[in-house]
Amino acid sequence: MSQKQNSNVPAIIVCILLFGMISFVTNLASPMGDILKNQFQVANWMGTLGVLCNFIAYAIMGIPAGNLLQKKGYKFTALAAVAVGFTGVGIQTIAGLLEGNLAFGVYLLGAFVAGFSMCMLNIVVNPMLNKLGGGGNRGNQLVQVGGSFNSLMGTAVIFLTGVFVPSIVDAKISQVFPLMYIALAIFAVAFVVILLTKIPENPAAETKAAEQSQYGPMSFRHFVLGAIGIFIYVGVEVGIPNVLQKWLQNGGLSVTEGAEAIAGTVTATYWLLMLVGRLLGAALGAKVSAKTMLTTVSVVGLCLVLGAMFLSPATAVNLPVFKGTAGFGMASVPVNAALLVLCGLCTSVMWGGIFNLAVEGLGKYTEKASGIFMALVCGGGILPFVQNAVVDWTGNYLVSYWVVVAGLAYLLFYALAGSKNVNKNIPTE
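Residues numbered from 1 in each chain as written. Predicted model: local features only at pLDDT ≥ 70, side-chain atom pairs only at ≥ 80, totals over all residues. Heavy atoms only, no water.

I'm lost on the overall build of the protein in this one. Help?
Helices and strands together make up the secondary structure of the protein, namely 16 helices and 2 strands. Burial statistics for the protein: of 429 residues in total, 57% are counted as buried. Of the roughly 17,400 Å² of accessible surface on the protein, 66% is carried by carbon and sulfur atoms. (Helix = DSSP H or I, 4+ residues; strand = E, 2+ residues; numbered from the N terminus. Buried < 20%, exposed > 50% of the residue type's maximum accessible area, 1.4 Å probe, protein only. Areas by Shrake-Rupley, 256 points an atom, 1.4 Å probe, with all protein chains shown as cover.)

Please explain the packing of aromatic side chains as it appears in this structure.
Ring pairs (aromatic) are described by centroid distance and by the angle formed between their planes. Tallied over the full model, the rule gives 9 aromatic pairs. Each ring, one from Trp 351 and one from Phe 373, has its centre 6.4 Å from the other, and the planes form 80°; the classification is edge-to-face. Of this pair, Trp 351 sits in helix H13 (residues 350–359) while Phe 373 sits in helix H14 (residues 366–375); the two residues are 22 residues apart in sequence, bridging distant segments of the chain. Residue class for Phe 373 comes out buried when judged on its relative accessible area of 0%. Chaining the aromatic ring pairs together yields one cluster made of Phe 223, Tyr 233, Trp 351 and Phe 373. Above the plane of the ring of Phe 76 lies Lys 72, whose end atom (NZ or CZ) is 5.6 Å from the centre. (Phe/Tyr/Trp six-rings, centres within 6.5 Å; stacked < 30°, edge-to-face > 60°. Lys NZ or Arg CZ within 6 Å of the ring centre and 35° of its normal.)

What am I meant to see in a positive patch on the surface here?
Together, Arg 221, Lys 291, Lys 420 and Lys 424 line one region of the surface with positive charge. Structurally, Lys 424 can be placed in the segment after helix H16 (402–418). (Patch = residues over 30% accessible without salt bridge, like charges linked within 9 Å, V, L, I, M, F, W, Y side chains within 5 Å. Salt bridge = Lys/Arg side-chain N within 4 Å of Asp/Glu carboxyl O. Lys, Arg positive; Asp, Glu negative; His and termini not counted. Charge placed at Lys NZ, Arg CZ, Asp CG, Glu CD.)

For this particular structure, what's the right way to read the packing of H13 against H16?
To describe two helices that pack against each other, one gives the angle between their axes and the distance between the axes. At a minimum axis distance of 11 Å, the contact between H13 and H16 shows a crossing angle of 40°. If you check the angle between H13 and H16, you find them oblique. When the axes of H13 and H16 are compared, the crossing they make is left-handed. Contacts between H13 and H16 pair Met 350, Ile 354, Leu 357 and Ala 358 from the former with Leu 408, Leu 411 and Tyr 414 from the latter. Taken together, the residues of the contact of H13 with H16 break down into 7 nonpolar, no polar and no charged. (Axes fitted to C-alpha atoms, helices over the stretch in contact; angles between N-to-C directions. Parallel < 35°, antiparallel > 145°, perpendicular 65-115°, else oblique. Left-handed = near helix turned anticlockwise from the far one by under 90°. Contact = heavy atoms within 4.5 Å. Nonpolar A, V, L, I, M, F, W, Y, C, P; charged D, E, K, R; others polar.)

All we've got here are geometric facts, nothing functional implied.
Here it is as structure tokens:
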């Protein structure tokens, strides 16, 4: 390794930690919804307001964050993202010290501010890590490592929430303070390291030609349909485990002792399988096209979700779980839950497939397209909100998965037909 690459090692490590923080902070919002529901005695849809605030921030910040990156560069944007993230988690921590409706409102504000940070980090960390690695295969390898750590932290936060909250009925925000302290510490260290590290920047005016063009990403039909696909995909990815955990905590399990810990572990397994799927996707990516991969996982995902909806919950399977005070062991869970957990293998590779198909042939418009994609990540808050509203309306958790079925059906359509570039006459150089 060259001396220059050695000097980048601290920043590379911090970037990988920030990859994890994106998933850590984002995934914390899902079990926090269960805590909010029980602490403040609100309906399911109100419990998901934290998730909604977190993702709505993407809709507001996606394009401005892309513009900030273009004008101010990687280092400034990264420092701003980390500072905003520290502020957002700090506000959520303060909410745990308050009481009543004020605490609820302050937490939602914190989730909203944290969402700004997650959006900014998503836009800056991928290309920054690639640059720190020197680009090429080394840069791509580091991005894959970051993505894997992202999945690992997403798994850990769901599992740890189940450990820190032994009884969801008596749950309070203050019980997850240890997780918030971890996030605050990582943000603080990241800020100092990035501040002291030289980050390679893009040459000025690199995107000037694209800015002056009469066309843009929205001029391409396959991009527009792909952007809708990203909105739907993130909603599907978040909605599957979000409602699964609520179902298991509220009567989906045949046991009561350790139910919260078991529900948390089962849901964490979904995110763990996303890690496995991403590793497999990276290994197969050079041999299998994005279209084939997206088609396959959409079909398999549809079969798994439909099976989970129509099979009897009385049919059970054994899964390895954490049982709270009883420690680790096997637990009997409905086969429906096991099928939904397996969906993690499918959703793991969808982002890359949709992104690659949507930006294919965009040329100089790719950077602007990335900002639009980030804005539409807000689907991760909107679709779970709708899904939980269906739960409240029907009183049936599994019926709400028709929202997921509709989303997967659209992704299958996009893979088979919507991803075709029918605007090849538009100049992209």
